[in-house]
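Topology and contacts: notes
Residues per chain, in single letters:
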Amino acid sequence: MLRLAACAAAIAFASPAYAVTEIQWWHAMSGQLGKALEKLAADFNASQSEYRIVPTYKGNYTETVTASIFAFRSRSQPAIVQVNEIATATMMAARGAIYPVFELMRDQDVPFSPSAYLPAITGYYADTAGNMLSFPFNASTPILYYNKDLFRSAGLDPEAPPKTWPDIGAAAKRLRAAGAACGLTTSWPSWINVENFSAFHNLPVSTKANGFGGLNAELTFNNPLMVRHIAQLAEWQTTKVFDYSGRGQSAEPRFQKGECAIFIGSSATRADIQANSKFEVGYGMLPYWPEVSGAPQNSIIGGATLWVLRDRLRAEYAGVAKFFAFLSKPEVQAAWHRSTGYLPITRAAFDLSRAQGFYDRNPGAAISIEQITLKPPTDNSKGIRLGSFVLVRDAIEDELELVFAGKKSAQAGLDAAVERGNRLLRQFERANPDR
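Described below are features of the structure shown in this document. As the structure is a prediction and not an experimental result, all values here were calculated from the model.

1. Looking at the packing of helix α9 (residues 189–200) against helix α19 (residues 389–404)
Two numbers describe how α9 lies on α19: the axes approach to 10 Å, and their chain directions differ by 90°. Overall, the two elements α9 and α19 adopt an arrangement that is roughly perpendicular. On α19, the residues touching Pro189, Ser190, Trp191, Val194 and Glu195 of α9 are Phe389, Arg393, Ile396, Glu397 and Leu400. A per-class count over the contact of α9 with α19 returns six nonpolar, one polar and three charged.

2. A few points about helix α15 (residues 330–340)
Listing the buried residues of α15 in full gives Val332, Gln333, Ala334, Trp336, His337 and Thr340. Looking at the buried side of α15, the elements it contacts are α2 (31–47), β4 (135–140), α14 (314–327), α16 (347–355), α17 (358–361) and α18 (367–372). Once α15 finishes, Gly341 follows within two positions and takes phi at roughly 90°, a positive value.

3. Remarks on the sheet that holds strand β5 (residues 142–147)
One open sheet holds the four strands; their spatial order is β6-β7-β5-β8, and the pairing between them is mixed. Strands at the two margins of the open sheet, each flanked by one partner only, are β6 (182–186) and β8 (281–284). Between one strand axis and the next, the sheet turns by 20° as a mean value, whatever way the strands run. As paired strands, β6 and strand β7 (residues 260–266) are joined by four bridges and run parallel to one another. Following the sheet pairing, Cys182 is matched in β7 by Cys260.

4. Looking at the sheet that holds strand β9 (residues 302–308)
Taken in spatial order, the five strands make up an open sheet running β2-β1-β3-β9-β4, and their pairing is mixed. Edge positions in the open sheet fall to β2 (51–57) and β4, since each of these has one partner strand only. Put simply, the sheet's adjacent strands are angled 20° from each other on average, direction ignored. The sheet contact formed by strand β1 (residues 21–27) and strand β3 (residues 80–84) spans two bridges and is parallel. Bridge pairing in β3 links Trp26 to Val81. Here helix α3 (residues 61–73) sits on the sheet in contact with β1, β3, β4 and β9, set at roughly 140° to β3.

Calculation criteria
- Residues numbered from 1 in each chain as written.
- Predicted model: local features only at pLDDT ≥ 70, side-chain atom pairs only at ≥ 80, totals over all residues.
- Heavy atoms only, no water.
- Axes fitted to C-alpha atoms, helices over the stretch in contact; angles between N-to-C directions.
- Helix = DSSP H or I, 4+ residues; strand = E, 2+ residues; numbered from the N terminus.
- Parallel < 35°, antiparallel > 145°, perpendicular 65-115°, else oblique.
- Contact = heavy atoms within 4.5 Å.
- Nonpolar A, V, L, I, M, F, W, Y, C, P; charged D, E, K, R; others polar.
- Buried < 20%, exposed > 50% of the residue type's maximum accessible area, 1.4 Å probe, protein only.
- Pairing = 2+ DSSP bridges.

Right, here's the structure in full:
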C-alpha cells in the first residue's frame, strides 16, 4: 500500500510537468493548402513536447475573421487567427483585441528582427515605427503566365514574355488572329488592375501613403494613367484581345484550359497551373506602360498574416512565440515556399531555395521574389492600409464590370468607385475616432 501511495504521489507531482499546452489556430485554407498548413502544425508539434498547435478551418477569410470576432466577445477566441492582407487596418482598429507580434516576441524574449524578412512584406504589416503587428504567413504577388504553345502557333517567340502593355496588346492581337478564343485575362480585378498596377507605376491609390498615414485618407486612383489603362482594357474587351472573366480566381481555369493565351494571376497558383495545364507554361513580370517615369517600381503582396488575440492563458503566448520562431526558420520557410508557391517571407529562405537549385529546376518560381524586390518600396508601393477595404474593393470591382460591359466610360467608372470607396472610408473613420 505504501508503494502504491508513493507511485500515486509521484504521478500527481509529475503530471503538470508533462502537461501539453494546446494553442488554437483558426485559418482559412482548404484543399492542398490546408494540408500543407496542417503539416506545418504537425512538424512543430513533433519538434517539441510543451505545446500543441491545433489548426481549425473556419471558412474563407471573411468567415474566419467574423468567427474570431464573435468568439472574442464570448471569450472563446483562438490564440492565433489568419487574416487576409486587406483587413490589416480593420485588425489594427481592434486595439484591445490584438496582441502585436513585436510585443509578443519581446515579452517572451524570443529573437525577432523585421530586417530578416523581405521589405515588401514587413512594410505591409508594420506600423509607422517599423514594428511588425502580425506575423507574415502566406504572401503572394501577381505575375504573368502565358501559353508557349499558342505563342508558337501565332509566330511569337515563346521565350520572350511581353514586358509592356503595348507588347501585351500586340501579342494578344496576334494570338486572337491565330485562333485563340481570348488574348488576355486576369484574376482578382482590383488587386491586379488597380492596386498592383498603381504600385508598379509608383502611383498612389489614396492619400496618406495609401492609408498608412492615418484614417483620414482619400482615394485618388482615378488619375489619368489609371483611366487610360482601364479604357484600354475596355477597348480590347470588344474584340476579346482582353476578356474579363469575373472576380476572384474565376479567370484561372480559362488559362489552364488553353482558352486564354495570357493570364495575370497570383504567384501562389503557379503549382496549380503547372499541374492542370496541358501545354508549356511561360512566366514573366507584370507589364507596365513604358512612358511612365520610374516604371516598373515593385509589386505589392496579397495573402494573409497571423494575428495574435489577447485574453488567452500566459502559457499559450509562450508557445505562440516559439511557433512563430519555428515558422521563420529558413528550412521551414523554404519548404513552405516550394510546396505552395507562396513567397518565402525571409531572405534566408529565398537564399536557401536558390542554393539548393530550386529556381534552376523550376523556371519562373523566382519571378515573384524578384518583382516585389525590384526596387525599395515607396509610400505608393509598400501596400494599402485602408479601413473596410474588403468593401472598397467590392465597389471598385462593381464599377470595373460596368466599364468592361460598355455601360460606363473608364473615367465615369473610376470616379464612381472613388466616390463610393471614400464614403466607406469615412464610415470606418467615424467608427474608430480614437485611432
